[in-house]
Every structure is written in C-alpha cells, then in structure tokens.
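Survey of secondary and tertiary structure
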Number of protein chains: 4
Amino acid sequence: MIVLDYSDKRPIYEQIVERFRTLILNGVLEADEKLPSVRALAIELSINPNTIQRAYGELERNGFIYSVKGRGNFVCGNQETFAQEKEKMLNELMQYMKTCKEAGIALEEMEECMKRVYGEV
Amino acid sequence: MIVLDYSDKRPIYEQIVERFRTLILNGVLEADEKLPSVRALAIELSINPNTIQRAYGELERNGFIYSVKGRGNFVCGNQETFAQEKEKMLNELMQYMKTCKEAGIALEEMEECMKRVYGEV
Amino acid sequence: MIVLDYSDKRPIYEQIVERFRTLILNGVLEADEKLPSVRALAIELSINPNTIQRAYGELERNGFIYSVKGRGNFVCGNQETFAQEKEKMLNELMQYMKTCKEAGIALEEMEECMKRVYGEV
Amino acid sequence: MIVLDYSDKRPIYEQIVERFRTLILNGVLEADEKLPSVRALAIELSINPNTIQRAYGELERNGFIYSVKGRGNFVCGNQETFAQEKEKMLNELMQYMKTCKEAGIALEEMEECMKRVYGEV
DNA sequence: GTGGTCTAGACCACG
DNA sequence: GTGGTCTAGACCACC
C-alpha cells in the first residue's frame, strides 16, 4: 500500500503523508476506515515508528484522519477538508506555472503537458 | 535586482539561482553581460559571500554563466542550455500535474488555472 | 580508504571525489553500500566537515551516490552513470593527447606510454 | 597568432604559455625569432600587460625563450629543453592514463582514442 | 579588484 | 546520529 523511495529528496514522513492523502482523496480509503497501526506500519516499512507517528500527526492536523486513543487512526470523511486540500494544491500548481511562464514557457507547451497527463489513463 | 524572502522555505542560494535563471531566460541579462561580483552582491544582500559563491557555482554548472578568475562572472549565451532547462521545468510540472490528477483534480480545474496564469499579463 | 595529498595542487574535495569515484567504478564499493558519515570522515582525515559535504555533493550531482537525510550517503548502482563517466574521461584524455601531438610527440612514443601503463599489472 | 578562451578554466597566462610552447616545439617560431613585445601583445589581446609578462617569465624559466633588456624576447633553440618538455608531457599523460585504467577503461578503448587523434590530420 | 578553497563553529530538519 | 545550510573570517591565485 505504501512504497518508499529513498532516492526521493522529500523526507520520508512527507512521502507517507502524501500517499495516504491521495488514497483518501481518491476514495480508496473510505470514511471511518482504520489505518494500519503505527507500530505495524513501521515494521512493514522497516523505519522508525516516530516517522509514522509524525506522518499521522500531519494527516490529523490537516483533517484527513482522526485518532482514537487506544484504538487507532481512522479516515475522516469531511468533504470540506477535501475541497480545501484541492484548493491548496491548485494554488501551488499555479505558483509553479507562473514560474514556468516567467522562464519563457509558452501556453501551448503547457497545454501539451496537461493533455499528456490526462490522456495517459 | 535580487530580493530575498526569508520566510521562503527554500535555501537562500536556491532563491538566488532561480532569480538569475529567470533573468537570463527572459533576456533581461544578455550574453556576456557581467553579473555583480560575489563580494558586492553579498554586501548588497547582507549575506555571506560563500552563499553567493554557491549560487554562482550552481548557475555555472547548469551552463547559465561562466566565471573568469580575477574578472568576474558572465552570462552564457548558450541556447541549448535554455532548451534543456525548459525541458526540465516542464517535466517537473508534469510530475506535479500527475499528483494533482491522482488527488482527484479535474482537467477543467487545471485549465482554469492555466488561463488565469497566462491571462494575468 | 581515503588518503589526502596536500602537495597535490588539486583541491581536497576534488581528491576525495576522485577517490570515491574510482572505488565505485571499480566495484570496491557496491550498490547501496553506505559511505562514511560526513562528520566521521572529516574527523578521520582531520579536515572540515564542509569539505566532505562538498565532495559528497559533487558525487551526488554526478549520479555516483544518493543521500538520505538522517541516514547517510549510499552508493548508486546506475550503470548509465558509469558509461557517461568513462565517456567524459576518454574525451579529456583525447584532448590532452591532441595537445601532445601538437607538441610534436610521435604516435610511437604515446603507444610506449600506454603499454607501460597497462603492462604494470 | 594567439587566441584566448575565457570559458577555459585555465588561467590566461597559462593559455598563452601553452600556445607559444606549441608554436616553438612545432618550429613555427624559429630559433632567435622575436616574440611580440609585452605591450603590443597586451593591447592586441586587450588584457593586462602583467599577464603577458608573467607568461613570458614562465617561458623563460622553462628555457623556451630568452629576454634581452631593452630589445625584447626571443625564441631559444635549445634542443635539450625540447626533449625535457616532451618527457614532462608524456609523464603527465601517463599519469592520467593510469587514472583512466583504474576507472575501468580498457586498453582497446584508449587505443581507439589514440587512433582518432593521430588519424585526424 | 576578482573568483576559489578551506576552517571553525553554529543551527535546523530528519530519523 | 545523520545530512544541509549558513556565517565569519582567512588565505591563495589571478588580473
């Protein structure tokens, strides 16, 4: 379910956060579904439990999951959170698009990219 | 000419690299034009010369400038470098677009972004 | 494993880079093997950690190693990188051979050199 | 007669030295022929006279030219110097060949290089 | 004056 | 403990 890429420059906890976020936004993980326990996932990925803890903390702070003491972490089905998240991602995308534009990239080139991404299915 | 943003998470040297890269790609800095000296820019931005040195080193490695000992750093007019750079940026953009798509963002929403960026003039 | 030559004109970080590159190209260091930590090597060679850092950075940029924050630096098993590197070295060698030729050195003399190098076992 | 390459990493004075050395070893400049005056060459290349002075000094120290106060600099026809110089160059070449060999370059690949250089005529 | 390298020592983020 | 960034200050080679 989770795959780590150590050659990726992003910290591991961030990779985990992003992976779960994607799974939740896509509905692969449904509302109130239980996430793997911190310890179990740590063993599975052979990394430090602290790292999982941090990822789960991040997800909780952003409203994607909620934790119940002694029971585990569960997916949060809040639609508002999802909308906010998409907004955030689009803003970041726009920011980078602006940088591209300033670097002299044409609208057509960017459209070409978009088509390739959405045509890939 | 260069403005630093200390609230930005990216390292200072990277901000400087990106700023000069943009200026060069846009033709604001022309081929063989001299860049500010390491020390002078360090004083102007009130940061350490080593940081400027590192930024200039990065720019040189990427083919944007060339340095002449005892003379200074100069803009490199290599068109091939520019094409490579654009390619690199588009690849990164596509990567991020893919992430967005996986998070359930629709093609239309992304197009809307693009229009806003390129309509801003 | 690493020996520095202070009488060598080349900068220290470059000597370190070349040494590790050789060890990797020769297979002495295998893929995913851990390199000494920045600090540990700095102490061992009694030089500044920054210098090691720079050497490791250079190796990473050239695709010989990859670094994982909080874990260390590891050998990269990319064969393509190795081929590129050999190409680069041969080009440099040819450049110098050309200079020699222009200085009036005969083909035979150069062949003699080659034999001595490869006969040394 | 002399062409400078500012994108070359070597210092300018060294480029000049090498150029004259080549011209002398090749016999383009004959024994007792006069070199351009320091000032004249400095103006022609639009660089600092000190730089020319340094290059000429280097050439004199290595026995390629001799200077006569108030008259100029002249080519030295000493064959022994030439032989020594070639020896020096071959040693350096061998040094680099050794590095190549350690990096896993095969004898055949190096021979291929040599042939290309000497076949180029 | 210029760029290039190095040291010493500090702080941060990550695991 | 790990790597990554930055500062302060020094020394060298080159022009």
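1. Regarding the interface of chain A and chain B
Contacts between the two partners involve 25 residues from chain A, matched on the other side by 25 residues from chain B. Among the elements of the structure, α1 (12-25), α4 (79-102) and α5 (107-119) of chain A are those that each provide at least two residues to the side of chain A that touches chain B. Considering every element that reaches the side of chain A that touches chain B, the biggest residue donor is α4(A), with 11 residues. Broken down by class, the residue content of the side of chain A that touches chain B amounts to 16 nonpolar, three polar and six charged.

2. A few points about the environment of C:Met89
On the secondary structure map, C:Met89 appears in helix α4 (residues 79-102). Taking the number of C-beta atoms within 10 Å as the measure of exposure, C:Met89 has 19 and is therefore partly exposed. On a C-alpha basis, the gap between C:Met89 and C:Arg71 in space is 31 Å, while along the polypeptide they are 18 residues apart. Residues contacting C:Met89, with those up to four places away along its chain left out, are D:Cys100, D:Ala103 and D:Ile105.

3. As for the relation of the copies chain A and chain B
Under the fitted operation, chain A is carried onto chain B by 0.1 Å of movement along the axis and a turn of 180°, and the coordinates agree to an RMSD of 0.1 Å. Taken together, the turn and the small shift mark the pair as related by a two-fold rotation axis. Of all interface residues in chain A, 100% are interface residues in chain B too; the two copies therefore contact each other through one and the same surface.

4. What to know about unusual backbone geometry
In this structure, A:Ser46 takes a positive phi of about 45° despite not being glycine. Tracing the backbone through its elements, the reader meets A:Ser46 in the loop between α2 (38-44) and α3 (49-61).

5. Brief notes about the packing of α4(C) against helix α5 (residues 107-119) of chain D
Direction vectors running N to C along α4(C) and α5(D) enclose 40°, while the axes themselves pass 10 Å from each other. The angle between α4(C) and α5(D) falls in the class oblique. α5(D) is crossed by α4(C), and the crossing has right-handed handedness. On the side of α4(C), the interface is formed by C:Leu90, C:Leu93, C:Met94, C:Met97, C:Lys98 and C:Lys101, while α5(D) contributes D:Glu109, D:Cys113, D:Met114, D:Arg116, D:Val117 and D:Tyr118. Here the residues of the contact of α4(C) with α5(D) are counted per class, giving eight nonpolar, no polar and four charged.

6. Some details on the protein's contact with DNA strand F
Taken together, 29 residues form the shell around DNA strand F, and within it B:Pro11, B:Ile12, B:Asn48, B:Gly70 and D:Ile12 come nearest. Residue assignment for the surface near DNA strand F shows that the elements contributing at least two residues are α1 (12-25) and α3 (49-61) of chain B, α2 (38-44), α3 (49-61) and β2 (72-75) of chain C together with α1 (12-25) and α3 (49-61) of chain D. Here the residues of the surface near DNA strand F sort into 11 nonpolar, 14 polar and four charged.

7. Concerning the protein's contact with DNA strand E
The environment of DNA strand E is made up of 29 residues, and the closest members are A:Ile12, B:Ser37, C:Pro11, C:Ile12 and C:Gly70. When contributions to the surface near DNA strand E are tallied by element, the ones reaching two or more residues are α1 and α3 of chain A, α2 (38-44), α3 and β2 (72-75) of chain B together with α1 (12-25) and α3 of chain C. Along the lines of polarity and charge, the residues of the surface near DNA strand E split into 11 nonpolar, 14 polar and four charged.

Rules used in this analysis
Residues numbered from 1 in each chain as written. Chains lettered and ligands numbered in written order. Predicted model: local features only at pLDDT ≥ 70, side-chain atom pairs only at ≥ 80, totals over all residues. Contact = placed C-beta atoms within 7 Å. Helix = DSSP H or I, 4+ residues; strand = E, 2+ residues; numbered from the N terminus. Nonpolar A, V, L, I, M, F, W, Y, C, P; charged D, E, K, R; others polar. Buried ≥ 20, exposed ≤ 12 C-beta atoms within 10 Å, placed from the backbone. Least-squares fit on C-alpha atoms with pLDDT ≥ 70 in both. Axes fitted to C-alpha atoms, helices over the stretch in contact; angles between N-to-C directions. Parallel < 35°, antiparallel > 145°, perpendicular 65-115°, else oblique. Left-handed = near helix turned anticlockwise from the far one by under 90°. Near = placed C-beta within 6 Å.

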